[in-house]
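One letter stands for each residue in the lines below.
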Amino acid sequence: MVRTRSASSLEAASRRRTIFESNPITEIWRRMTRCKTEAILREEQKEEQKDGSGLKKVLSFWHVFLFGIANTVGSGIFVTPGTAAKDYAGPALFISFLIAGLACGLSGICYADFSSRLPASGGAYSYVYSSLGEYLGFLSGLCLTLEYGVSSAAIARGFAGYLRELIEACGVVVPTVLQEYPVNGSNVLVLDLLPPLLCIAVAALCMLGVRESAWVSSLMTVGNVSMILFIIIAGLPFFDSDHFSNFAPRGAAGILGGASSVFFSYVGWDAVCVLSEEVEKPTVVIPRAI
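Fair warning: this is a prediction, and the values are worked out from it, not measured in the lab.

Draft legend 1. Representation of the UniProt feature "transmembrane region" (unreviewed entry) in the protein within the structure. In the UniProt entry, the feature "transmembrane region" (unreviewed entry) is given for residues 59–80, 92–114, 135–156, 188–210, 222–239 and 251–269. Between the end C-alpha atoms of residues 135–156 there is a gap of 31 Å, over a span that is 100% helix and 0% strand. The straight-line gap between the two end C-alpha atoms of residues 251–269 is 30 Å; of that span, 63% is helix and 0% is strand.

The following block contains the structure:
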């Protein structure tokens, strides 16, 4: 059976082709800047929930809140303070943290407003797509994918090193296949199978379900925060006010440089918005979690 197109569809296609041929720049610009309004996105979410193809709403406020802390309190808080204090701010590092925190706080207010108006799982991609257009939304999603990919690789690489040291400290020999192998004797380029294996393990955990992965993430978050509190409490007896004698060795420039350096320690809280479609009452829970 041969299907024929209706006269109206043929006329519309002809009109689009005529517009494109007569003014291609205008047509390309129109396609790049076309948006999905909030109403359209909300309607799509409702249809997905009706036919069962949407994401399951199983997360509570505490799941989302601890997920945000887990993404923020990562390796950055353990690595960047020492480098920033040594190279930039000195004892004035806490001011650098306040400045970086203020910048993140202002961004957080914007994200909270967006998430309350548009509870979509795409996060920043959905916000840009609905407000600035398809092309900029695509670039935003591409940047987010690159960001998560690069940061995940860096974290897996660092975690693999710490894990090997922990295993060796327990008196267990790390299998040869999980050791680092320099490529052609290089000290920079190495072959390491442990980081990708860790990524595969985390991916498998996520595939079990969002509730299970949320509980594991919450457990690791409690461990991270407990470690930070332990370091603070254990270091209190060694406090010496003489260390503040040269408070800002590089002046305001050093403090601002330290702020740009420790900003990495705050990165990750925006991932909370990605969970919007998996949370009951996301317009309330997500802004509070942020």
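Draft legend 2. A look at the environment of Ser126. Its location among the elements puts Ser126 in helix 7 (residues 124–132). C-alpha of Ser126 to C-alpha of Ser140: the two residues are 14 residues apart in sequence and 9.0 Å apart in space. If we skip the residues at most four places from it in the chain, Ser126 touches Leu118 and Ala120.

Draft legend 3. Here's a closer look at the packing of helix 6 (residues 93–117) against helix 12 (residues 282–289). Closest axis-to-axis distance for the helix 6/helix 12 pair is 8 Å, and the angle between their directions is 170 degrees. In terms of axis orientation, helix 6 runs roughly antiparallel to helix 12. Mapping the contact onto sequence places Ala112, Ser115 and Ser116 in helix 6 and Pro282, Thr283, Ile286 and Pro287 in helix 12. Looking at the contact of helix 6 with helix 12 residue by residue, the class counts come to four nonpolar, three polar and no charged.

Draft legend 4. Representation of helix 12. Taken as a whole, helix 12 has its buried residues at Pro282, Val285, Ile286 and Ala289. In a view along the axis of helix 12, the buried residues occupy a sector of 95 degrees, so they form one face of it. Against helix 4 (61–72) and helix 6 lie the buried residues of helix 12.

Draft legend 5. Main features of the packing of aromatic side chains. Inspection of the entire model under this criterion finds nine aromatic pairs. Ring centres 5.2 Å apart and planes at 70 degrees place the aromatic pair Phe61 and Trp62 in the edge-to-face group. Relative accessible area serves as the criterion here: at 27%, Phe61 is assigned to the partly exposed category. You can call Trp62 exposed: its relative accessible area is 58%. Taken together, a centroid distance of 5.7 Å and an interplanar angle of 45 degrees make the contact between Tyr125 and Tyr129 tilted. Of the two residues, Tyr125 and Tyr129 both sit in helix 7, four residues apart, roughly one turn of that helix. Residue Tyr125 is classed as partly exposed on the basis of its relative accessible area of 33%. Taken together, the ring pairs connect Phe94, Phe239, Phe244 and Phe247 into an aromatic cluster.

The rules behind these values
Residues numbered from 1 in each chain as written. Predicted model: local features only at pLDDT ≥ 70, side-chain atom pairs only at ≥ 80, totals over all residues. Heavy atoms only, no water. UniProt positions renumbered as here; feature names shortened; annotations may be inferred. Helix = DSSP H or I, 4+ residues; strand = E, 2+ residues; numbered from the N terminus. Contact = heavy atoms within 4.5 Å. Axes fitted to C-alpha atoms, helices over the stretch in contact; angles between N-to-C directions. Parallel < 35°, antiparallel > 145°, perpendicular 65-115°, else oblique. Nonpolar A, V, L, I, M, F, W, Y, C, P; charged D, E, K, R; others polar. Buried < 20%, exposed > 50% of the residue type's maximum accessible area, 1.4 Å probe, protein only. Arc of directions from axis to C-beta. Phe/Tyr/Trp six-rings, centres within 6.5 Å; stacked < 30°, edge-to-face > 60°.

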